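Reading the structure
Listed below, chain by chain, are the residues.
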Amino acid sequence: AEACLRIGAATNRVCEGELTQIHHRGNLDLTEAEYLDILDGKTAELTAISAELGGRYAGADDTVVAGLRDYGRCLGIAFQIADDLLDLLGDESETGKTLGTDLRGQKLTLPIIRLLSRTPEPDRSELRDRLTEVDDSTVSYLLPKLRESDALEYTHGRAMSYIAEAKAALSVLPESPARTLLETLAEFTIRRER
């Protein structure tokens, strides 16, 4: 019964996160904090509840369960940030997804948020215009700008910091093959972004 209540609460939070993301679709003024809050209510909530329930049903104490929940939350945020990079930089044949899907869906992601915040006028106005009317040329227009700025490195660094937080949260577990596996899973999240 407790698991159903926890999953139900997580599902509600995911729905709220999705609605928030829909509300911000096309919002070129979305801040990094707002973006991270959306991630926290979507992918991160799902991975957090999964890790939490895994610990709870393995008989772990509350401290371990909380640490696993923190691990799951940070892992989910890092996973989504890496996915946002893949949407711009990935190889379609390897990722199995069409590049620029987020842009076409008017979803601002961290690399674009960072690029917008670091681009001076009048280039920012041109950039905003291009993001307002996305077409097949938008990704090829953005890639050189992303590479010239610090947006890609910054985004990768933010993902890495969440992976470091996720791994630190595992300190509630003793050294074991299970802990090593969870650490490896976290590292894989970053490796998949390139």
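Everything here concerns the structure above.
Throughout what follows, the structure given in this document is the object of discussion. Computed from a predicted structure; not experimentally measured.

**A short note on the pattern of salt bridges**
- Summed over the entire model, instances satisfying the criterion amount to 13 salt bridges.
- Between Asp-62 and Arg-56 there is a salt bridge, and its shortest N-O distance comes to 3.8 Å.
- Relative accessible area serves as the criterion here: at 26%, Arg-56 is assigned to the partly exposed category.
- Taken together, the shared-partner salt bridges connect Asp-40, Glu-45, Glu-52, Arg-56, Asp-62, Arg-69 and Arg-73 into one network.

**Describing the environment of Thr-155**
- Relative to the elements of secondary structure, Thr-155 occurs in helix 10 (residues 151-169).
- Take Thr-155: its relative accessible area is 0%, and that puts it in the buried class.
- The spacing of Thr-155 and Arg-114 is 41 residues in sequence and 7.9 Å in space, taken between C-alpha atoms.
- Not counting residues within four places of it along the chain, the set of residues in contact with Thr-155 comprises Ile-81, Leu-85, Leu-110 and Pro-111.

**Section: unusual backbone geometry**
- Put simply, Glu-121 and Pro-122 share a cis peptide bond, and its omega is 0 degrees.
- Position of Pro-122 relative to the elements: it lies in the loop between helix 7 (110-118) and helix 8 (123-132).

**What about the packing of aromatic side chains?**
- The full count for this structure, using the stated rule, is zero aromatic pairs.
- Above the ring of Tyr-141, the side-chain terminus of Arg-130 is found at 4.1 Å from the ring centroid.

**Focus: the nonpolar core**
- Grouped together as the largest cluster of nonpolar side chains are 43 residues, with contacts concentrated most on Tyr-35, Tyr-71, Ile-81, Ile-112, Leu-131, Leu-142 and Leu-146.
- Within the residue set of this core, elements represented by two or more residues are helix 2 (32-41), helix 3 (43-57), helix 4 (62-89), helix 7, helix 8, helix 9 (138-148), helix 10 and helix 11 (177-191).
- With 10 residues, the single largest contributor to this core is helix 4.
- Each residue touching Leu-146, except ones within four places of it in the same chain, is listed here: Leu-88, Pro-111, Ile-112, Leu-115, Ala-151 and Leu-152.

**Focus on a negative patch on the surface**
- Side chains of Glu-121, Asp-123, Glu-126, Asp-129, Glu-133 and Asp-135 sit close together on the surface and give a patch of like negative charge.
- Note on placement: Glu-126 falls in helix 8.
- Residue Glu-126 is classed as partly exposed on the basis of its relative accessible area of 40%.

**Re the packing of helix 7 against helix 9**
- It is the contact of helix 7 with helix 9, at a shortest axis distance of 10 Å, that shows an interaxial angle of 65 degrees. It follows that helix 7 is roughly perpendicular to helix 9 by the angle criterion. Viewed along their axes, helix 7 and helix 9 form a crossing whose handedness is left-handed. Contact residues: Pro-111, Ile-112 and Leu-115 in helix 7; Leu-142, Lys-145 and Leu-146 in helix 9.
- Looking at the contact of helix 7 with helix 9 residue by residue, the classes come out as five nonpolar, no polar and one charged.

**Overview of the environment of Ala-51**
- Structurally, Ala-51 can be placed in helix 3.
- Residues Ala-51 and Arg-73, 22 residues apart in the sequence, show an inter-C-alpha distance of 8.6 Å.
- Setting aside anything within four residues of it in sequence, one finds Ala-51 in contact with Leu-68, Tyr-71 and Gly-72.

About the criteria used
Residues numbered from 1 in each chain as written. Predicted model: local features only at pLDDT ≥ 70, side-chain atom pairs only at ≥ 80, totals over all residues. Heavy atoms only, no water. Salt bridge = Lys/Arg side-chain N within 4 Å of Asp/Glu carboxyl O. Buried < 20%, exposed > 50% of the residue type's maximum accessible area, 1.4 Å probe, protein only. Helix = DSSP H or I, 4+ residues; strand = E, 2+ residues; numbered from the N terminus. Contact = heavy atoms within 4.5 Å. Phe/Tyr/Trp six-rings, centres within 6.5 Å; stacked < 30°, edge-to-face > 60°. Lys NZ or Arg CZ within 6 Å of the ring centre and 35° of its normal. Core = buried A, V, L, I, M, F, W, Y, C linked by side-chain atoms within 4.5 Å. Patch = residues over 30% accessible without salt bridge, like charges linked within 9 Å, V, L, I, M, F, W, Y side chains within 5 Å. Areas by Shrake-Rupley, 256 points an atom, 1.4 Å probe, with all protein chains shown as cover. Lys, Arg positive; Asp, Glu negative; His and termini not counted. Charge placed at Lys NZ, Arg CZ, Asp CG, Glu CD. Axes fitted to C-alpha atoms, helices over the stretch in contact; angles between N-to-C directions. Parallel < 35°, antiparallel > 145°, perpendicular 65-115°, else oblique. Left-handed = near helix turned anticlockwise from the far one by under 90°. Nonpolar A, V, L, I, M, F, W, Y, C, P; charged D, E, K, R; others polar.

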